[in-house]
Amino acid sequence: MSARSPYRSVVAVATAAALLGYVGCGRPAPEPQPAPTPAPSPAPTPASPSDDAAGGEAKGSGKLLSRWTDPKAVLVVSGEMDGYLEPCGCAMGQLGGLIRRQDFVEKLKGQGHHVAMIDLGSLTKDPTSALGGFEQAKIKFGIALKALSAFPYDAIALGADDFKVGVAEAFAQFLNSQEGTTKLLSANLVAAPGFDEIIVPSVVVEAGPVKLGVTAVVDPEAIAKLSDPDREALIPEVKRYEDVLPGILKELEGKSDYQVLMVQAPPQEALRLAEAFPGFDVVVSKSEAPDPEADPKTANDGKTMIVNVGRRGKYVGAVGFFDGSAPKYQRVALTERFDGRDLSVKKIIEDEYRGLLKGIGTVENFPRRDFVGGASGAKFVGAESCQTCHPNTYLKWASTGHAKAYDSLLHDPKPDVNFDAECIACHTTGFEYNSGWVSAEATPALKGNQCENCHGPASKHIAAPDDMEFRNALKLTAEQADRNRLCIRCHDEDNSPEFNFATYWPKVLHKGLDTYTDPKVHQGITVDPPAAPKAN
């Protein structure tokens, strides 16, 4: 029997559903931020924020969580990765990534700690707004599930975000991830008969001598808002929190030493549930900002710890359990100190994930569209064509990092990033448009971040340089570029966190570098448009 693929298509879940029936079973605008959570009193034993950047390591000791004395067990909490399998962006000093996360966990285990791991879910963000496109987002979702199973995680909560790859697709991915010990949790989400064993309401996790009872709930309103034709069939019901948590909490209190609740709902709802069900010792909340607070909040006179770990996988939280004292919490930043080891997750991401992107042609088969706003029918032609009439402007561009953007992918220490649509989008010209970048073989003239990424496709202008309609269609002032946040599409907080338009614009300023007295520059030239991508 052949090995399972790391992701499965919607066809697979449709087939599974058909078999179950046979045997008798029934993109991006910023996300709106929830209202600020009321601030309860801080936890009594916070870690110093200065510790977390080094994973809680005492200076020079190499020991993690060094301010803690002999914890009986450590619960590692993560969540809301939003599709960031690796450190968020290509700038130096970025935080996060599953490879670093596994290195941190393995170091903890290597120092004798008993470790349990849970994840709040939201493994990917909305695929419709994903820079790499919907198909790459689906692959990321499957790879994320596989990677977390490889740690292995003990439990993953499910949120509405996890079904935005498609409800049927999500269930297919869940089926495909069932070979390990990782459990998918939701106490109030009712899956269709035949799929209900995939998602369990709770789990008891053993970390050395400590037993942790873990459950999770998902926001019924968020599930109801999913616009998906398969939602009602595969998720027939999402129960009220109050209908499920009392019984589950009572059951967990009889089986475990500490009880943990993950809440896939707005942060204020996590606070409300913590106060309504004081039997929970730890409540994991969604985050209001990419970076979490260093210190947890508490409820119930300090008995219940409420933690969040931010978004994009930049941090994890560590909850320590001790003899004779309350649990303690420490935020841990996933920095470069956790780089370098060849662990199982590194192979999944750098070999399997990138191999999949290359193998299925994520870049070549990206769903393209016509360019809107330029001269009607204009196509991308490449900077070499601009050089004929704008030689000094071309030389200015060639001296910048924009000209070397594609080559930088070829020299990236991570393998095959030139087959990653999220990277290609900002390192080539015209990607996502019908006449733009396809591949190094099909569109070699569009390597790098060239003139037309800002000015638009220029085939009409170079063919008739004195036609004012075509010329005006390419005009772009610095004020327009800044006002329309043109540069921010690539120079965002992930990839250029220090970017400032006023500082960087003079480095690429090219107005008035050429004269046009030579009659030849008014004659126009024609070039063959780049080849269209081959149909599948």
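Worth saying up front: this structure is predicted, and the values here are computed from it rather than measured.

1. Digging into the overall build of the protein
Consideration 1: Across its full length, the protein holds 19 helices and 15 strands.
Consideration 2: Counting every position in the protein, which comprises 536 residues, the buried fraction comes to 50%.

2. With respect to the sheet that holds strand 14 (residues 315–322)
Consideration 1: Read across the open sheet, the seven strands follow the order 6-4-3-2-1-14-15; overall the sheet is mixed. Either end of the sheet is taken by a strand with one partner, and the two such strands are strand 6 (199–200) and strand 15 (325–333).
Consideration 2: Bridge count between strand 1 (residues 73–78) and strand 2 (residues 115–119): five bridges; the pairing is parallel. Note on strand 2: the bridge partner recorded for Val74 is Val115.

3. Quick notes on the packing of helix 8 (residues 241–253) against helix 9 (residues 267–276)
Consideration 1: Put simply, helix 8 and helix 9 touch, their axes get as near as 12 Å, and they point 45° apart. Overall, the two elements helix 8 and helix 9 adopt an arrangement that is oblique. Seen along the crossing, helix 8 lies across helix 9 with a hand that is right-handed. Together, Tyr241, Glu242 and Leu245 of helix 8 and Glu269, Arg272 and Leu273 of helix 9 make up the contact between the two elements.
Consideration 2: Tallied by class, the residues present in the contact of helix 8 with helix 9 amount to three nonpolar, no polar and three charged.

4. A short note on the side chain of Gln102
Consideration 1: Residue placement: Gln102 occurs in helix 3 (residues 98–110).
Consideration 2: In contact with Gln102, not counting residues within four places along its chain, are Ala150, Phe151, Leu343, Ser344, Val345 and Lys346.

5. A few points about helix 5 (residues 167–176)
Turn by turn, an α-helix covers 3.6 residues, leaving residues three or four places apart pointing in a common direction.
Consideration 1: Burial analysis of helix 5 places 10 of its 10 residues in the buried class, which makes it a mostly covered element.
Consideration 2: Along helix 5, the residues classified as buried are Val167, Ala168, Glu169, Ala170, Phe171, Ala172, Gln173, Phe174, Leu175 and Asn176.

6. What to know about the state of the cysteines
Consideration 1: One pass over the full model with this rule turns up one disulfide.
Consideration 2: With a sulfur-sulfur separation of 2.1 Å, Cys426 is cross-linked through a disulfide to Cys490. Taking the torsion about the S-S bond as the criterion, the Cys426 to Cys490 disulfide, at about -95°, is left-handed. You can see Cys426 sitting in helix 14 (residues 421–427) and its partner Cys490 sitting in the loop between helix 18 (478–483) and helix 19 (501–508), a full 64 residues away along the chain.
Consideration 3: With no disulfide of its own, Cys487 has Cys454 as its nearest cysteine by sulfur position, at a separation of 6.0 Å.

7. Observations regarding the packing of helix 3 against helix 10 (residues 344–360)
Consideration 1: Viewed as axis vectors pointing N to C, helix 3 and helix 10 meet at an angle of 175°, and their least axial separation amounts to 8 Å. Looking at the two axes, helix 3 sits roughly antiparallel to helix 10. Residues Leu98, Ile99 and Gln102 of helix 3 form the contact with helix 10, whose own contacting residues are Ser344, Val345, Lys346, Ile349 and Glu350.
Consideration 2: Class assignment for the residues of the contact of helix 3 with helix 10 results in four nonpolar, two polar and two charged.

8. A few points about the pairing of strand 1
Consideration 1: Counting buried positions along strand 1 gives six out of six residues, so the element sits mostly inside the fold.
Consideration 2: Examined bridge by bridge, strand 1 and strand 14 share five bridges and lie antiparallel to one another. The partner of Leu75 across the bridge, within strand 14, is Val319.
Consideration 3: Where the polypeptide runs from strand 1 across helix 3 and back to strand 2, its parallel neighbour, the crossover connection is right-handed.

9. As for the nonpolar core
Consideration 1: Membership of the largest hydrophobic core comes to 59 residues, with the highest contact counts inside it found for Val76, Leu98, Phe104, Phe163, Phe171 and Phe174.
Consideration 2: At the level of secondary structure, the elements contributing two or more residues to this core comprise strand 1, helix 3, strand 2, helix 4 (134–150), helix 5, strand 14 and helix 10.
Consideration 3: With seven residues, helix 4 is the largest single contributor of residues to this core.
Consideration 4: In this structure, Ala73, Ala207, Val309 and Val319 belong to the second largest nonpolar core, which totals 27 residues.

10. Some words on the packing of aromatic side chains
What describes a pair of aromatic rings is the distance from one ring centre to the other and the angle between the planes of the rings.
Consideration 1: All told, the structure shown has 17 aromatic pairs when counted by the stated rule.
Consideration 2: Geometrically, the ring pair formed by Trp68 and Phe322 is edge-to-face, given 5.7 Å between the ring centres and 85° between the ring planes. Note that Trp68 is positioned in the loop between helix 2 (49–52) and strand 1 and Phe322 in strand 14, a separation of 254 residues in sequence. One exposure class covers both Trp68 and Phe322, and it is buried.
Consideration 3: A cation over an aromatic ring shows up here: Lys328 above the ring of Phe322, its NZ or CZ 4.8 Å from the ring centre.
Consideration 4: The cationic tip of Lys507 hangs over the ring face of Tyr504; the distance from NZ or CZ to the ring centre is 4.6 Å.

11. With respect to the pairing of strand 7 (residues 202–207)
Consideration 1: Sheet topology note: the strand 7/strand 8 (residues 210–218) ladder contains six bridges and is antiparallel. Its bridge partner lying in strand 8, Ala207 is registered against Val210.

12. Focus on the sheet that holds strand 8
Consideration 1: The mixed open sheet is built from six strands, whose spatial order is 7-8-10-11-13-12. The outermost strands of the open sheet, each flanked by one partner alone, are strand 7 and strand 12 (297–299). Direction aside, neighbouring strands of the sheet carry axes that sit 25° apart on average.
Consideration 2: In this structure, strand 12 lies alongside strand 13 (residues 304–307), joined through three bridges in antiparallel fashion. Following the sheet pairing, Thr298 is matched in strand 13 by Met305.

About the thresholds
- Residues numbered from 1 in each chain as written.
- Predicted model: local features only at pLDDT ≥ 70, side-chain atom pairs only at ≥ 80, totals over all residues.
- Heavy atoms only, no water.
- Helix = DSSP H or I, 4+ residues; strand = E, 2+ residues; numbered from the N terminus.
- Buried < 20%, exposed > 50% of the residue type's maximum accessible area, 1.4 Å probe, protein only.
- Pairing = 2+ DSSP bridges.
- Axes fitted to C-alpha atoms, helices over the stretch in contact; angles between N-to-C directions.
- Parallel < 35°, antiparallel > 145°, perpendicular 65-115°, else oblique.
- Left-handed = near helix turned anticlockwise from the far one by under 90°.
- Contact = heavy atoms within 4.5 Å.
- Nonpolar A, V, L, I, M, F, W, Y, C, P; charged D, E, K, R; others polar.
- Disulfide = S-S within 2.5 Å.
- Right-handed = clockwise from strand over helix to strand, strands pointing away.
- Core = buried A, V, L, I, M, F, W, Y, C linked by side-chain atoms within 4.5 Å.
- Phe/Tyr/Trp six-rings, centres within 6.5 Å; stacked < 30°, edge-to-face > 60°.
- Lys NZ or Arg CZ within 6 Å of the ring centre and 35° of its normal.

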